[in-house]
Amino acid sequence: MNIINILNEFIAKPAMALLAPQRCLVCGKILVDDEFTKACMCKKCYNNLPLFTNFDEMNTRLIGSVSREGQAVDRAFGMINRRQNSKYMQLIYNLKYYNYRMVGYELGRELAAYMQQCDFVGFDVVIPVPIHAAKKRERGYNQSDLIAKAVGDGLGIPFDLKSVKRIVYTNTQTKQGQGNRHKNVEGIFQVDNPEKFRDKCVLVVDDVFTTGSTINSVALELKATGAKSVCAATLAVA
Ligand SMILES: [Zn+2]
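Below you will find a few notes about this structure. (Residues numbered from 1 in each chain as written. Predicted model: local features only at pLDDT ≥ 70, side-chain atom pairs only at ≥ 80, totals over all residues. Heavy atoms only, no water.)

Description of the sheet that holds strand 5 (residues 201-209)
Now for step 1: Strand order in the open sheet formed by 4 strands is 1-6-5-2, with parallel pairing between adjacent strands. Of all strands in the sheet, those with a lone pairing partner are strand 1 (75-81) and strand 2 (125-128), marking the two edges. Ignoring which end each strand starts from, the neighbouring axes of this sheet average 20° apart.
Now for step 2: Bridging between strand 2 and strand 5 involves 4 bridges; their strand directions are parallel. Along strand 5, the bridge assignment pairs V126 with L203. (Pairing = 2+ DSSP bridges. Helix = DSSP H or I, 4+ residues; strand = E, 2+ residues; numbered from the N terminus. Axes fitted to C-alpha atoms, helices over the stretch in contact; angles between N-to-C directions.)

Re the pairing of strand 5
Now for step 1: Taken across its 9 residues, strand 5 has 8 buried, putting it largely inside the fold.
Now for step 2: Sheet topology places strand 5 next to strand 6 (residues 229-237); 8 bridges connect them, and they run parallel. Its bridge partner being in strand 6, C201 is matched across the sheet by S229.
Now for step 3: One crossover worth recording links strand 5 to the parallel strand 6 by way of helix 9 (residues 213-224), and it is right-handed. (Buried < 20%, exposed > 50% of the residue type's maximum accessible area, 1.4 Å probe, protein only. Right-handed = clockwise from strand over helix to strand, strands pointing away.)

Overview of the coordination of the zinc ion
Now for step 1: For the zinc ion, the protein coordination sphere consists of C24 (SG), C27 (SG), C42 (SG) and C45 (SG), at 2.3 Å.
Now for step 2: Viewed at the metal, the 4 donor atoms of the zinc ion are separated by angles of 101 to 118°, and the geometry they form is tetrahedral.
Now for step 3: When the donors of the zinc ion are listed by position in the chain, the intervening gaps give C-x2-C-x14-C-x2-C. Linking C24 in the loop between helix 1 (3-19) and helix 2 (43-47) with C42 in the loop between helix 1 and helix 2, this pair joins segments that are 18 residues apart in sequence. Summarising the burial analysis for this pair, C24 and C42 share the class buried. (Donors = N, O, S within 2.8 Å, 3.2 Å for Na, K, Ca; no water. Tetrahedral: all angles 85-135°; square planar, octahedral: opposite > 155°, others 65-115°.)

Some thoughts on the pattern of salt bridges
Now for step 1: Within the structure shown, the criterion is met by 8 salt bridges.
Now for step 2: A salt bridge links K196 to D160; the nearest nitrogen and oxygen atoms lie 2.9 Å apart. Taken as a pair, K196 in the loop between strand 4 (189-191) and strand 5 and D160 in the loop between helix 7 (143-155) and strand 3 (164-166) lie far apart in primary sequence, 36 residues in all.
Now for step 3: Since its relative accessible area comes to 7%, D160 is described here as buried.
Now for step 4: For K165, the salt bridge goes to D192, with nearest N and O atoms at 2.6 Å. Of this pair, K165 sits in strand 3 while D192 sits in the loop between strand 4 and strand 5, and the two are 27 residues apart along the sequence.
Now for step 5: Looking at K165, the relative accessible area reads 38%, which means it is partly exposed. (Salt bridge = Lys/Arg side-chain N within 4 Å of Asp/Glu carboxyl O.)

Following this line, the structure appears as structure tokens:
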């Protein structure tokens, strides 16, 4: 943890809480003491989480986006349905760009609970979609690490934040057209410890599922090292 992070965790946040009250990241309502605050949502927004249910559609998107390199994700799962209520994407945005780390962990626990509810279980290990080391230094953390920890804790399985690395630095993909996306993610991940995944059922987690091509690239590397199956789970489906 570098000095900026320490300042931010222990000084800036409490100071901010005194100056500006904590608001629900979804509806903007000021949160009072008895409100649900861990995931930075009010009780009403928490209870109305727009749950994604059409998991077959994720598979269809994968087939459409990864035709060249081949589909390596066996099954995909997501929790928040962006099309039902896009305001909930504020949670993801704040997690990614505004250092709301606890949102990543709390939503990760919710994701694990929803997976269990839908019987999307049976994994040996959970890993995050890694970001490049330089980007991690810039941002201070990888939001997917927080999700992987929470899902591992929630499902009672180990998480591994180190064995898969992103070896190519790419610019933010959301700025590019979808047509370029799958070209951008081939060969940019590397598995450092292949033995770890041999014959294992691996779960790869990320914040948002769009075409699934990035998570499929991680899955391709894992399958190449002998993983038995690779599934994907994300906090939200765009
Ligand atoms: Zn709210």
